[in-house]
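Listed here are the chains, written in short residue letters.
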Amino acid sequence: MFRLALCQIAGSADKELNITKAEKYIREAASQGARVISLPEMWNCPYSNDYFRKFAEPAEGRCVSFMSELARELGIYLIGGTIAELDGDRVYNTCFCFGKDGEIIGRHRKVHLFDIDVPGRIRFMESDTLTAGEEMTVIDTEFCKIGVAICYDVRFPEWFRKMALAGAKLMVLPAAFNTTTGPVHWDITMQARAVDNQVYFAANAPALDEKGIFKAYGNSCIVSPWAEFVAHADDSECIIYGDIDTDYVDSVRQQLPLLAHRRPELY
């Protein structure tokens with residue numbers, strides 16, 4: 001069993017201020033015994049196509065170095081939310097993951113880009129700026145394998161089944177749902193991914209910034225393999241914690257052997 005912490009913070013147009021805030025929350029989580037700590041999607045900049053390229057940096061940049069050094073100092077596994085990663089001329093929405101020695105143990109580039117148009121409510125086209133990733137990400141830790149995905153990836157259940165079959169017992173999703181889809185889809189989607197794959201599912205959102213360009217729904221949560229909420233935030237800046245019991249994952253899978261009962265030859 002180990003303690004997981006999700007840091008629900010809001011990004012601003014001041015990158016250094018965002019880094020200072022992230023450090024404060026990560027240190028607090030570590031002081032409370034969290035061994036795996038996560039940040040939200042685009043924690044270091046406003047969630048807007050107008051800012052992604054402006055704030056983008058390479059894998060050797062300021063934010064990755066900051067996260068690496070802090071993970072090493074605190075001896076934690078850090079799932080670094082997402083930042084805009086610059087690779088050549090391309091910009092990716094990327095989650096860098098760090099081991100206790102500060103080394104990068106995973107890099108997930110958002111596979112499914114959020115191109116949506118709800119007339120009169122919201123229009124957002126990530127593909128105007130971002131390039132889609134191509135690879136599944138499951139990281140190895142001393143506790144268990146952890147699947148990592150980003151926001152809109154969660155709408156595609158096949159992606160998470162693939163990670164479960166690869167051995168993931170916990171999935172962490174940095175995700176910035178908006179206030180249109182969040183109230184109706186957030187909780188039920190996270191519960192569905194948890195119960196369908198019999199894993200702990202942790203969705204780490206940014207906090208709501210009423211004055212910000214993008215209105216994030218917040219409501220970070222940790223769901224058990226039985227679809228029960230272990231922890232649930234509101235929309236304010238906070239840290240939520242959950243004890244992840246991998247033996248409980250095994251128990252649920254033994255009692256209700258969904259993965260063993262699959263009929264992949266039929267579908």
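That block above? That's the structure.
Conventions we followed
Residues numbered from 1 in each chain as written. Predicted model: local features only at pLDDT ≥ 70, side-chain atom pairs only at ≥ 80, totals over all residues. Heavy atoms only, no water. Phe/Tyr/Trp six-rings, centres within 6.5 Å; stacked < 30°, edge-to-face > 60°. Helix = DSSP H or I, 4+ residues; strand = E, 2+ residues; numbered from the N terminus. Buried < 20%, exposed > 50% of the residue type's maximum accessible area, 1.4 Å probe, protein only. Lys NZ or Arg CZ within 6 Å of the ring centre and 35° of its normal. Polar contact = N/O pair within 3.5 Å; in protein donor to acceptor, adjacent residues only side chain to side chain. Contact = heavy atoms within 4.5 Å.

### Structural notes on the packing of aromatic side chains
Remark: the centre distance and the inter-plane angle together describe each pair of aromatic rings, the angle taken between the planes.
Move 1: Considering all chains together, one arrives at twelve aromatic pairs under this definition.
Move 2: Arranged with centres 4.5 Å apart and planes meeting at 20°, the rings of F2 and F143 form a pair that is stacked. With F2 in strand β1 (residues 2-8) and F143 in the loop between β9 (137-140) and β10 (145-148), this residue pair connects regions lying 141 residues apart in the sequence.
Move 3: A relative accessible area of 4% means that F2 is categorised as buried.
Move 4: The class of F143 is partly exposed, set by a relative accessible area of 24%.
Move 5: What links up through ring pairs into an aromatic cluster is the set F2, Y77 and F143.
Move 6: Here the basic side chain of K54 rests over the ring of Y51, its NZ or CZ set 4.8 Å away from the ring centre.
Move 7: Across the ring face of Y92, the terminal group of R109 is positioned such that the distance to the ring centre comes to 3.9 Å.

### Some remarks on the side chain of R253
Move 1: Relative to the assigned elements, R253 resides in helix α6 (residues 246-255).
Move 2: A distance of 3.3 Å separates a polar side-chain atom of R253 from the backbone oxygen of N197.
Move 3: The residues touching R253, leaving out its near neighbours within four places in the chain, are A164, A168, K169, N197, Q198, V199 and L259.

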